[in-house]
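Single-letter residue listing:
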Amino acid sequence: MLIGLAVGLAIGLLWPETAVKLRPIGTAFVSAVQMIVIPVVFASVSLGIYRMGAEIRLLGRVAGICLLYFYVATIVSVLIGLGLNGVFHPGMGADLSATGKIPANLAVSIDWAQFFLDMIPSNILAVMAAQKILPTLIFAILFGMAMATTGAVAEPLVKVLEAMLAAVFKMTKWITGTAPIAIAAIMAWMFATQGIGTVLALAKLVGVMYLGLGLMVVVFWIALLLIGEKPFAVTRQVMEPVILAFATRSSEVTLPVHMEKLERMGVPNKIVSVVLPLGYSFNRDGSIMYFALAVTFLAEAYHVPLDGSALLTILITTTIASKGSANVPSGGLVAVAMVLTAIGLPVEALAIVAGVDAFMDMGRTAINVFGNTVAVKLVQKYAGKAALESEPAPLAADLR
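The rules we used
Residues numbered from 1 in each chain as written. Predicted model: local features only at pLDDT ≥ 70, side-chain atom pairs only at ≥ 80, totals over all residues. Heavy atoms only, no water. Axes fitted to C-alpha atoms, helices over the stretch in contact; angles between N-to-C directions. Helix = DSSP H or I, 4+ residues; strand = E, 2+ residues; numbered from the N terminus. Parallel < 35°, antiparallel > 145°, perpendicular 65-115°, else oblique. Left-handed = near helix turned anticlockwise from the far one by under 90°. Nonpolar A, V, L, I, M, F, W, Y, C, P; charged D, E, K, R; others polar. Phe/Tyr/Trp six-rings, centres within 6.5 Å; stacked < 30°, edge-to-face > 60°. Buried < 20%, exposed > 50% of the residue type's maximum accessible area, 1.4 Å probe, protein only. Lys NZ or Arg CZ within 6 Å of the ring centre and 35° of its normal. Expected span 1.5 Å × (residues − 1). Contact = heavy atoms within 4.5 Å.

**Quick notes on the packing of helix α3 (residues 23-52) against helix α8 (residues 155-176)**
Part 1 of the reasoning: At a closest axis distance of 9 Å, the pairing of α3 and α8 adopts a crossing angle of 150°. When the axis of α3 is compared with that of α8, the two are roughly antiparallel. Here the hand of the crossing between α3 and α8 comes out left-handed.
Part 2 of the reasoning: Looking at the contact of α3 with α8, its residues break down into 18 nonpolar, four polar and three charged.

Printed below as a string of structure tokens:
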């Protein structure tokens, strides 16, 4: 995959006309992985909840640890973004010319009633066809609880879901075998079409953001060390989904690979299958740090004073918006737009950083994936020994 990154970069910079024509290869790969995301979420979450069905305390403990970690990680991410802006001030003297486009009629608020209604699927097949993770997750949780309370009559269905998940993991292995070629094509296309002009124009912002992502990795390593894990070993074991996230700029694409890697690392299936889909929806540490940094960058570029009140507003609004936008189209931009509105900046300011968003999206998506690895490890550490009892052999073992 790393070789694919390098080759794609070279092709994109040296032969841009050829690189543009390689886009279908990357698109086909991403589509192939997205094809199996919904089956993985449905089968794995249903089975995970089924296996926890008789252990309500375990289920409650897992949910509690997840929510606590997600919000603590969000606050830490925002503080890192605010701190870096306070030290480096990348927005000072910035060129305010728009470098990209923002979606038309971008929402600047979240309809919370509709947000919760959208999580209850009126037609589960339509929701799955639309690749909507959160409603599928809700249905899978209820389905797993129903199987757990049905008794022996549900056992044949459990076997079907186990066979389905094993088959999908096998498909994952086949698809990811083509990842180096696909990554080369994706990188070549991106650098040929995006160019490096806008990157150079906003190089300070991009550099500060990647410095922040590096600091977040250090924070994650410290967290892993505190719970008795070997940080570098864990990092090495999940590098495949992290690199995949970096190249494709999509967390969802990495979900099947990430689940398989964590099960190989010895994390119980019932924990992986519940925590990881939740984390992919609600725990996006890299993106959240970027939200805070982008907003403060634009505030300084527009000469808006960042006093204590403004910084507190950014902290609170980013924390809330990052969770509420999880099931909203263009959720990341919606979250940033909400924070901009809260401190009195025009939503159109997003166009200033939109030109380099693709390059920053690569790094923050990779950190999102790594951050959810830490979430799974924390739950494994503190969910108790009950998670290991009666745990079936990992389905990922079939891929070894």
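**Quick word on unusual backbone geometry**
Part 1 of the reasoning: Phi at Arg249 is positive, roughly 60°, even though this residue is not glycine.
Part 2 of the reasoning: Looking at where Arg249 falls in the secondary structure, it is placed in the loop between α13 (239-248) and α14 (251-264).
Part 3 of the reasoning: Residue His303 is not a glycine yet carries a positive backbone phi of 60°.
Part 4 of the reasoning: Residue placement: His303 occurs in the loop between α16 (285-301) and α17 (308-324).

**Some remarks on the packing of aromatic side chains**
Part 1 of the reasoning: On inspection of all chains with the given rule, the structure shows seven aromatic pairs.
Part 2 of the reasoning: Both rings, one in Phe220 and one in Phe370, keep their centres 5.8 Å apart while their planes meet at 70°; by these two values the pair is edge-to-face. With Phe220 in helix α11 (residues 203-226) and Phe370 in helix α20 (residues 357-382), this pair connects stretches of sequence that are 150 residues apart.
Part 3 of the reasoning: Here Phe370 falls in the buried class, since its relative accessible area comes to 4%.
Part 4 of the reasoning: Members of the aromatic cluster, each reached through a chain of ring pairs, are Phe42, Phe139 and Phe143.
Part 5 of the reasoning: Against the face of Tyr290 rests Arg364, its NZ or CZ located 4.1 Å from the ring centre.

**Quick look at helix α15 (residues 269-282)**
Part 1 of the reasoning: Relative to the 20 Å expected for 14 residues at 1.5 Å per residue, α15 spans 20 Å between its end C-alpha atoms, a close match to the ideal helical length.
Part 2 of the reasoning: By the criterion of burial, α15 is predominantly enclosed, with 13 of the 14 residues buried.

**Concerning the environment of Ile124**
Part 1 of the reasoning: In this structure, Ile124 sits in helix α6 (residues 124-129).
Part 2 of the reasoning: With sequence-adjacent residues up to four places away left out, Ile124 is seen in contact with Pro135, Thr136 and Phe139.

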